[in-house]
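Here is what each chain is made of, one letter per residue.
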Amino acid sequence: MPLEERREQILEAALLEFSHKGLHGGSTMAIARKVGISQPNIFRIFVTKHELFVAVLQRVFAKIEATMLTAGESDPDQPLQAMSDAWGELMEEQEVMFMLLQGYAASDDAMIRDLMHDWTREVFERMEALPGVGEDASHDFFAAGMLYMVATAMDLPTRAAEDTWAARFLASGA
């Protein structure tokens, strides 16, 4: 199998593993089993588990940027609405949301903390620069997005059909 194809398989399996178990709980043995290779083969492509975790985070960042930020930058009339719609689509991909949360949770590691800081700053500054958005609206949008990410992690959208609090919570602030 070509190296790039194997790399993609490992990243997909690592997203599933790390998004649910984090940097310290995720197992490269489990990732190798999901891909159908030996653990040493993972380390031929990603030298350390840490490097693999960072690669998965970077993939999540790229997905969010390509989906949400590009939508906002492509709609100069209603950038926040375009980004909100795109964020809603991303929230349906629970592993993406979990992985982002795992990145913030792993911020006790200096390199990951810097990575999360730099990415968060970049997203905030790109939102802030959109026509008619500015600092305050970027802050509010970012904060609401984080809140809804946590709501997704708790599966509130599914619960809202039978849990009136979850429905009220998700509808509030709109």
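The structure displayed is predicted, hence computed values, not measured ones. (Residues numbered from 1 in each chain as written. Predicted model: local features only at pLDDT ≥ 70, side-chain atom pairs only at ≥ 80, totals over all residues. Heavy atoms only, no water.)

## A few points about the packing of helix α5 (residues 79-91) against helix α6 (residues 94-105)
Here is step 1: Contact geometry of α5 with α6 gives a least axis separation of 6 Å together with a crossing angle of 95°. With respect to their mutual orientation, α5 and α6 come out roughly perpendicular. Residues Trp-87, Leu-90 and Met-91 of α5 pack against Gln-94, Met-97 and Leu-100 of α6. (Axes fitted to C-alpha atoms, helices over the stretch in contact; angles between N-to-C directions. Helix = DSSP H or I, 4+ residues; strand = E, 2+ residues; numbered from the N terminus. Parallel < 35°, antiparallel > 145°, perpendicular 65-115°, else oblique. Contact = heavy atoms within 4.5 Å.)

## Points about the side chain of Glu-17
Here is step 1: Counting through the fold element by element, Glu-17 comes out in helix α1 (residues 3-25).
Here is step 2: Judged by relative accessible area, Glu-17 falls into the buried class, the value being 3%.
Here is step 3: Engagement of the side chain of Glu-17 in a polar contact is seen with the backbone nitrogen of Ser-27, the distance being 2.9 Å.
Here is step 4: In this view, Glu-17 contacts Gly-22, Gly-25, Gly-26, Ser-27, Ala-30, Ile-31 and Lys-34; residues no more than four positions away in its chain are not counted. (Buried < 20%, exposed > 50% of the residue type's maximum accessible area, 1.4 Å probe, protein only. Polar contact = N/O pair within 3.5 Å; in protein donor to acceptor, adjacent residues only side chain to side chain.)

## Some details on helix α7 (residues 110-128)
Here is step 1: Between its terminal C-alpha atoms α7 stretches 26 Å, which fits the 27 Å expected from 19 residues at 1.5 Å a residue.
Here is step 2: Along α7, the positions that sit buried rather than exposed are Ile-112, Leu-115, Met-116, Trp-119, Thr-120, Val-123 and Met-127. Seen end-on, α7 carries its buried residues on one side only, within an arc spanning 120°.
Here is step 3: Buried-residue contacts for α7 involve α1, α4 (49-74), α5, α6 and α8 (134-153).
Here is step 4: The distance from a side-chain oxygen at the start of α7 to the backbone nitrogen of Met-111 is 3.0 Å, and the residue carrying that oxygen is Asp-109. (Expected span 1.5 Å × (residues − 1). Arc of directions from axis to C-beta.)

## Observations concerning unusual backbone geometry
Here is step 1: Phi is positive for Asp-155, which is not a glycine, with a value near 60°.
Here is step 2: Here Asp-155 shows up in the loop between α8 and α9 (156-159).
Here is step 3: For Asp-155, a relative accessible area of 32% gives the class partly exposed.

## A look at the pattern of salt bridges
Pairing is possible between side chains of opposite charge, provided their charged atoms come close.
Here is step 1: Tallied over the full model, the rule gives nine salt bridges.
Here is step 2: Among the ionic pairs, Glu-17 bridges to Lys-21, the shortest N-O distance being 3.5 Å. In this pair, Glu-17 and Lys-21 are both assigned in helix α1, four residues apart and thus about one turn of the helix distant.
Here is step 3: In this structure, Arg-126 and Glu-122 form a salt bridge, with 3.5 Å as the shortest nitrogen-oxygen distance. Of the two residues, Arg-126 and Glu-122 both sit in helix α7, four residues apart, roughly one turn of that helix.
Here is step 4: Bridged by salt links that share partners, the residues Glu-65, Glu-73, Glu-122 and Arg-126 form one connected network. (Salt bridge = Lys/Arg side-chain N within 4 Å of Asp/Glu carboxyl O.)

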